[in-house]
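The lines below spell out each chain.
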Amino acid sequence: MEKQQIVLASNNPGKVREINACLAGTRFHIRPQSEFNVIEAEETGLTFIENALLKARNAARYTQFPVIADDSGIEVIALKGRPGIYSARYAGPGASDADNLSKLIEEIRPLPEAERTARFVCVMVFLRHADDPTPVISQGVWDGLVIDEPRGLDGFGYDPMFYVPTHNCTSAELSPAIKNKLSHRGQALDNLIKQIKV
Ligand code: IMP
């Protein structure tokens, strides 16, 4: 079976690893945008969907293949949804995962357990080409709690502080396969793939 080549509009190694694992064995072959020397789009949108579309359209301009882009982040309900779309740059431009994690831990430390509700959100889009007027869109949400003592070594980003009540551990303590089954990104990708007809 000839695989459908799709460009992934992300340079985040954690995301690329997870999306590749989810699509292994399907009819899709993912090629990272780094193969096409894509210069990253500026994320000027105010919502996940706006930023996902900006990233996808930008990558599509560099290649002749369809593109998948994801915009994702963590929302703490008591912080009015922060860091939200700013998750990757919460501690400032060029911040590392560790910087962002420390900043959020300091912010949630004073919150009582009842106010630790949080969720990971992922919006994914598929564009057939840069001018595609009907992008395929999907969204995944993963509910949990934020904790101020990080645990676990797997995953990336905020995983060590995202407690998953159904599994009594953080998302950094889940195996990659289980995380992909449960996660916002896994759900969004599953739903996106079901809708794609190329
Ligand atoms: P984006 O590349 O602008 O979509 O930023 C996504 C950011 O959200 C990442 O850099 C992480 O900080 C955070 N994030 C998104 N998904 C996850 C996840 O599955 N685990 C941990 N952090 C995540």
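Just above sits the structure.
In what follows, the accompanying structure is described. (Residues numbered from 1 in each chain as written. Predicted model: local features only at pLDDT ≥ 70, side-chain atom pairs only at ≥ 80, totals over all residues. Heavy atoms only, no water.)

## Notes on the site of the ligand
In step 1: Around the ligand, the surrounding shell holds 18 residues, and the nearest of these are Lys15, Phe156, Asp159, Lys179 and Arg185.
In step 2: Interatomic distance of 3.1 Å between a backbone N/O atom of Tyr158 and a nitrogen atom of the ligand.
In step 3: One of the side-chain nitrogen or oxygen atoms of Asp159 is found 2.9 Å away from a nitrogen atom of the ligand.
In step 4: Secondary-structure elements contributing two or more residues to the shell around the ligand are strand E3 (67-76) and helix H5 (184-195).
In step 5: For the shell around the ligand, the element with the highest residue contribution is E3, accounting for 4 residues.
In step 6: Split by residue class, the shell around the ligand holds 4 nonpolar, 6 polar and 8 charged. (Near = heavy atom within 4 Å. Polar contact = N/O pair within 3.5 Å; in protein donor to acceptor, adjacent residues only side chain to side chain. Helix = DSSP H or I, 4+ residues; strand = E, 2+ residues; numbered from the N terminus. Nonpolar A, V, L, I, M, F, W, Y, C, P; charged D, E, K, R; others polar.)

## What to know about the pairing of strand E5 (residues 136-146)
In step 1: With 10 bridges joining them, strand E4 (residues 117-127) and E5 adopt antiparallel strand pairing. Paired with Arg119 across the two strands is Asp143, which belongs to E5.
In step 2: When E5 meets strand E6 (residues 162-164), the two strands line up antiparallel, connected through 2 bridges. Bridged to Val146 within E6 is Phe162. (Pairing = 2+ DSSP bridges.)

## Notes on the environment of Leu53
In step 1: As for its placement among the helices and strands, Leu53 is situated in helix H2 (residues 48-60).
In step 2: A relative accessible area of 17% means that Leu53 is categorised as buried.
In step 3: Each C-alpha atom, one on Leu53 and one on Ile68, is 9.3 Å from the other, the two residues being 15 residues apart in sequence.
In step 4: Sequence-distant contacts of Leu53, that is, excluding residues within four places in its chain, are made with Val125, Leu127 and Pro135. (Buried < 20%, exposed > 50% of the residue type's maximum accessible area, 1.4 Å probe, protein only. Contact = heavy atoms within 4.5 Å.)

## As for the nonpolar core
In step 1: Grouped together as the largest cluster of nonpolar side chains are 19 residues, with contacts concentrated most on Val76, Leu104, Ile108, Tyr158 and Met161.
In step 2: Where this core is concerned, the elements lending two or more residues are E3, helix H3 (97-108), E4, E5 and E6.
In step 3: Tallying contributions element by element places H3 first for this core, with 4 residues.
In step 4: With residues up to four places along the chain from it excluded, the contact list for Tyr158 reads Ile74, Pro83, Ser87, Tyr90, Asn100, Leu101, Leu104 and Phe120.
In step 5: Membership of the second largest hydrophobic core comes to 17 residues, among which are Leu8, Ile30, Ala188 and Leu189. (Core = buried A, V, L, I, M, F, W, Y, C linked by side-chain atoms within 4.5 Å.)

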